[in-house]
Amino acid sequence: LETIAVGSLSTNKVCTITHGFSTADVTVQLFDMITEAQVYADTARTAADMSTAGTGVVSIDFGTTPPNDIRVVITAHNGATAAGAGTTGADIAYS
């Protein structure tokens, strides 16, 4: 569980989250922190360049800045663990 602060998004509108699950078998869900509505964005199991594969990171490209901060829920499906739980914002890199 992470929180993306929309004020921290740069002109690229991309952030990379290190989740620590050591698998690409993850599901990424995005929710608006105010409305609880599901947010749609391009997600990839890659570094910030959206092309270098990684098993410990996901990159999220919003395209345009969301109106509110975003809650990110990452669920591992291959030997699921609770890595990274409760570390709000600590593992997010904005680019």
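Residues numbered from 1 in each chain as written. Predicted model: local features only at pLDDT ≥ 70, side-chain atom pairs only at ≥ 80, totals over all residues. Heavy atoms only, no water.

Caption draft 1: Geometry of the overall build of the protein chain. Along the protein chain, the regular secondary structure elements total 0 helices and 7 strands. Across the protein chain, helices and strands are ordered from the amino to the carboxyl terminus as β-β-β-β-β-β-β. For the protein chain, the residues scored as buried account for 34% of the 95 residues in total. In the form shown here, the protein chain has an accessible surface area of approximately 4,900 Å², with 52% of it arising from carbon and sulfur atoms. (Helix = DSSP H or I, 4+ residues; strand = E, 2+ residues; numbered from the N terminus. Buried < 20%, exposed > 50% of the residue type's maximum accessible area, 1.4 Å probe, protein only. Areas by Shrake-Rupley, 256 points an atom, 1.4 Å probe, with all protein chains shown as cover.)

Caption draft 2: A look at the side chain of Ser59. Of note, Ser59 is situated in strand 5 (residues 57-61). You can call Ser59 buried: its relative accessible area is 0%. Within the local environment of Ser59, its side chain forms a polar contact with the backbone oxygen of Ala47, the two atoms lying 2.8 Å apart. Other than its neighbours up to four places away in sequence, Ser59 contacts Cys15, Thr16, Asp42, Thr43, Ala44, Thr46, Ala47, Ala48 and Met50. (Polar contact = N/O pair within 3.5 Å; in protein donor to acceptor, adjacent residues only side chain to side chain. Contact = heavy atoms within 4.5 Å.)

Caption draft 3: Looking closely at the sheet that holds strand 1 (residues 2-4). Here 3 strands make up an open sheet; going across it, the order is 1-6-3 and the pairing antiparallel. Both edges of this open sheet fall to strand 1 and strand 3 (26-32), since each of them pairs with a single strand only. Mean inter-strand twist for the sheet, computed between neighbouring axes without regard to direction, equals 30°. (Pairing = 2+ DSSP bridges. Axes fitted to C-alpha atoms, helices over the stretch in contact; angles between N-to-C directions.)

Caption draft 4: Quick peek at the pairing of strand 2 (residues 14-18). Buried residues dominate strand 2, accounting for 4 of its 5 residues. Where strand 2 and strand 5 come together, 5 bridges link them in antiparallel fashion. By the bridge assignment for strand 5, Val14 is matched with Asp61.

Caption draft 5: Structural detail: unusual backbone geometry. Its identity as a non-glycine residue notwithstanding, Ser22 has a phi of 55°, on the positive side. Within the secondary structure layout, Ser22 lies in the loop between strand 2 and strand 3. Overall, the relative accessible area of 60% leaves Ser22 in the exposed class. For Met50, which is not a glycine, the phi torsion comes out positive at approximately 65°. Residue position: Met50 is located in the loop between strand 4 (42-44) and strand 5. Relative accessible area serves as the criterion here: at 27%, Met50 is assigned to the partly exposed category.

Nothing here speaks to function; it is all geometry.
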